[in-house]
Amino acid sequence: MAELSEGIEQTLEAAKTASKVVALLPDAARRQLLRQMASALRGATEQLLAANAGDVAALPEADPRRDRLFLTPERIEAIAASAEVVAALPDVLWETLEARTMPSGIRLRRVRVPLGVVACIYEARPNVTADIAGLCLRTGNAAVLKGGKEAARSNAAIADVITGVLRAEGLPEAAVTLLPSTHEASQALMMAEGLVDVLIPRGSARLIRAVREQARVPVIETGAGVCHTYVHEDAEIALAARVIANAKMRRVSVCNALDCVLVHRALEPQLEALLAPCRAAGAQVHTAPEDWGREWLSPNLSVRVVDSLDAALAHIARFGSGHSEAILTQSPEVAARFQREVDAACVYVNTSTAFTDGGEFGLGAEVGISTQKLHARGPMGLMALTTYKWLIESHGAIRSR
């Protein structure tokens, strides 16, 4: 293992020990933890808002992360409600994924088990602190969290609430550990071989690239969301305009927000009608090629006119990030081809990309949106925080060849 500072190493060792305790909790106890967490978050609303106000005040007005950082009573209630939804989901631990008896007499079962210590490096989103802690506890994992300095006060306040619940339930507080919001803490997580079972970066393309390139521990990559919507020549204009506006302007700073609209050349005369709701909501339209492939995270939108479905598919293949892509069409055949050929975690037909979200997918919450293809893809909920092991039994079977 790479050398870690003594303090960080002890912290991660405590999390490793705590993960073994949480992994053995029965389903009822893990459910109760999340219900208690939800109640405690609601009870601490005023403290959480006060901590968050300090973070928001330190962030420039024009910073695109401001919306993600900002907490309101409604958003705190949503965080608490999400924990309750996760608590109510079916238990995934020890689920038998397959079972069979071999000619040798051995009986095999493949069962779902926790990952162990799940670490996450993320930026200015305090809800992530509660979401990942809740998902990890529900799946018998320990969570080690390293948020951005922009949300340091908010994250600390939320983590204090959660560790208070763990303490009250007689469980190790290290089951949810918030590290300092420093570069050194990020480096330590990336180097913590043997102590961190998986590291999940959640944030900007720059952050994710740095973790991918530097980490010595296993990484599940969540990608930047360069999201497209292609408007085919037979699309219903009013429906398309409504979907585009929702995908772009519902929350411009989130990863599933629309970044580029591709419009079939036959609909070029209808371009302004397609974009009118977006413009009315304050979107700025860009048509320069240098803006293709850009994740805006702001009220900006790239637009390109293409000659065909083939051209749209080629554009998405070149500039997409594998996150969320959509087509607007009345043709089932065209829609089916788009869904088959687009290589992305989530592929939509006549639907806003805003639905790429763990809550909207019935997962309760999410650790992130995975754009890779190994282990997990798309919104990562409970199952993505588990692995499996083989259980083998017999009555004295020995191998003869």
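Residues numbered from 1 in each chain as written. Predicted model: local features only at pLDDT ≥ 70, side-chain atom pairs only at ≥ 80, totals over all residues. Heavy atoms only, no water.

(A) Broad picture of the overall build of the protein chain. Looking only at helices and strands, the protein chain has 13 helices and 15 strands in total. A compact globule built from 401 residues should have a C-alpha radius of gyration of about 21 Å, and the protein chain, at 23 Å, falls within 12% of that. Taking all contacts inside the protein chain whose residues are at least 6 apart in sequence as the whole, residues at least 24 apart take part in 72%. Carbon and sulfur atoms form 52% of the exposed surface of the protein chain, whose accessible area is close to 17600 Å². In the protein chain, 42 side chains carry a positive charge and 46 a negative one; their mean positions are 5 Å apart. (Helix = DSSP H or I, 4+ residues; strand = E, 2+ residues; numbered from the N terminus. Rg over C-alpha atoms; globule rule 2.2 N^0.38 Å. Contact = heavy atoms within 4.5 Å. Areas by Shrake-Rupley, 256 points an atom, 1.4 Å probe, with all protein chains shown as cover. Lys, Arg positive; Asp, Glu negative; His and termini not counted. Charge placed at Lys NZ, Arg CZ, Asp CG, Glu CD.)

(B) Local environment of the sheet that holds strand β5 (residues 176–178). Within the open sheet, the four strands sit side by side as β5-β4-β3-β6. Their pairing is parallel. Of all the strands in the sheet, the pair left with one neighbour each is β5 and β6 (198–202). Averaged over all pairs of adjacent strands, the angle between their axes in this sheet comes to 15°, without regard to strand direction. As judged from the five bridges shared by strand β3 (residues 117–122) and strand β4 (residues 142–146), these two strands associate in the parallel manner. By the bridge assignment for β4, valine 117 is matched with alanine 142. Contacting β3 and β5, helix α7 (residues 152–168) runs over the sheet at an angle of about 155° to β5. (Pairing = 2+ DSSP bridges. Axes fitted to C-alpha atoms, helices over the stretch in contact; angles between N-to-C directions.)

(C) Examining the sheet that holds strand β1 (residues 96–101) more closely. Sheet architecture is open: three strands sit in the order β1-β2-β15, paired in antiparallel fashion. Because the sheet does not close on itself, it has two edges, and the strands there are β1 and β15 (386–393). Sheet twist, expressed as the mean angle between neighbouring strand axes with direction ignored, is 20°. Of the pairings in the sheet, the one linking β1 to strand β2 (residues 107–114) comprises five bridges and is antiparallel in character. Within β2, the position partnered with glutamate 98 by the bridge is arginine 110.

(D) Summary view of the side chain of threonine 329. Turning to its location among the elements, threonine 329 is positioned in the loop between β11 (324–328) and α13 (332–341). At 2.7 Å, the side chain of threonine 329 forms a polar contact with the side chain of aspartate 234. Ignoring any residue separated from it by four or fewer positions in sequence, one finds threonine 329 in contact with His232, Asp234, Ala235, Val334, Ala335 and Asn350. (Polar contact = N/O pair within 3.5 Å; in protein donor to acceptor, adjacent residues only side chain to side chain.)

(E) Region of interest: helix α1 (residues 6–23). With 18 residues, α1 should reach 26 Å at 1.5 Å per residue; the first-to-last C-alpha distance of 26 Å fits that figure. Among the residues of α1, Ile8, Leu12, Ala15, Lys16, Ala18, Ser19 and Val22 are the ones counted as buried. Buried residues along α1 sit in contact with α2 (27–43), β3, α6 (126–138), β4, β5 and α8 (183–191). (Expected span 1.5 Å × (residues − 1). Buried < 20%, exposed > 50% of the residue type's maximum accessible area, 1.4 Å probe, protein only.)

(F) Quick peek at helix α12 (residues 309–319). Looking only at α12, the buried set comprises Leu309, Ala312, Leu313, His315, Ile316 and Phe319. Buried residues of α12, viewed axially, fall in a sector of 160°; they line one side. Facing away from the buried surface of α12 by more than 90 degrees, the exposed residues are Ala317 and Arg318. Elements in contact with the buried residues of α12: β7 (227–231), β8 (258–264), β10 (300–306), β11 and α13. Between the side-chain oxygen of the N-cap and the backbone nitrogen of aspartate 310 there are 3.4 Å, and the N-cap of α12 in question is serine 308. (Arc of directions from axis to C-beta.)

(G) Geometry of the packing of aromatic side chains. Summed over all chains, the structure comprises one aromatic pair. When the ring of tryptophan 292 is compared with that of phenylalanine 319, the centres are 6.0 Å apart and the planes differ by 70°; the resulting orientation is edge-to-face. Linking tryptophan 292 in the loop between β9 (284–286) and β10 with phenylalanine 319 in helix α12, this pair joins segments that are 27 residues apart in sequence. Given a relative accessible area of 18%, tryptophan 292 falls into the buried group. On the basis of relative accessibility, which here comes to 17%, the residue phenylalanine 319 falls in the buried class. A cation sits over an aromatic face here: arginine 110 above tryptophan 390, 5.9 Å from the ring centre. (Phe/Tyr/Trp six-rings, centres within 6.5 Å; stacked < 30°, edge-to-face > 60°. Lys NZ or Arg CZ within 6 Å of the ring centre and 35° of its normal.)

(H) Looking closely at the nonpolar core. Grouped together as the largest cluster of nonpolar side chains are 54 residues, with contacts concentrated most on Leu33, Leu41, Leu48, Leu137 and Leu385. In terms of residue count, α6 provides more of this core than any other element does, seven residues in total. (Core = buried A, V, L, I, M, F, W, Y, C linked by side-chain atoms within 4.5 Å.)

(I) Here's a closer look at the packing of helix α3 (residues 45–58) against α7. In contact at an axis separation of 7 Å, α3 and α7 are set at 160° when each is read in the N-to-C sense. When the axes of α3 and α7 are compared, the pair comes out roughly antiparallel. Here Leu48, Ala51, Asn52, Gly54 and Asp55 of α3 come into contact with α7, specifically with Ala152, Arg153, Ser154, Ala157, Ile158 and Val161. (Parallel < 35°, antiparallel > 145°, perpendicular 65-115°, else oblique.)

(J) Fine view of the state of the cysteines. Under the definition given, this model contains zero disulfides. Here cysteine 120 is not cross-linked by a disulfide; its sulfur's nearest cysteine counterpart is in cysteine 136, at 8.5 Å. For cysteine 120, a relative accessible area of 0% corresponds to the buried category. Free of any disulfide, cysteine 260 has its nearest neighbouring cysteine sulfur in cysteine 227, separated by 11 Å. (Disulfide = S-S within 2.5 Å.)

So far we have only geometry, and geometry alone does not tell us how the molecule works.
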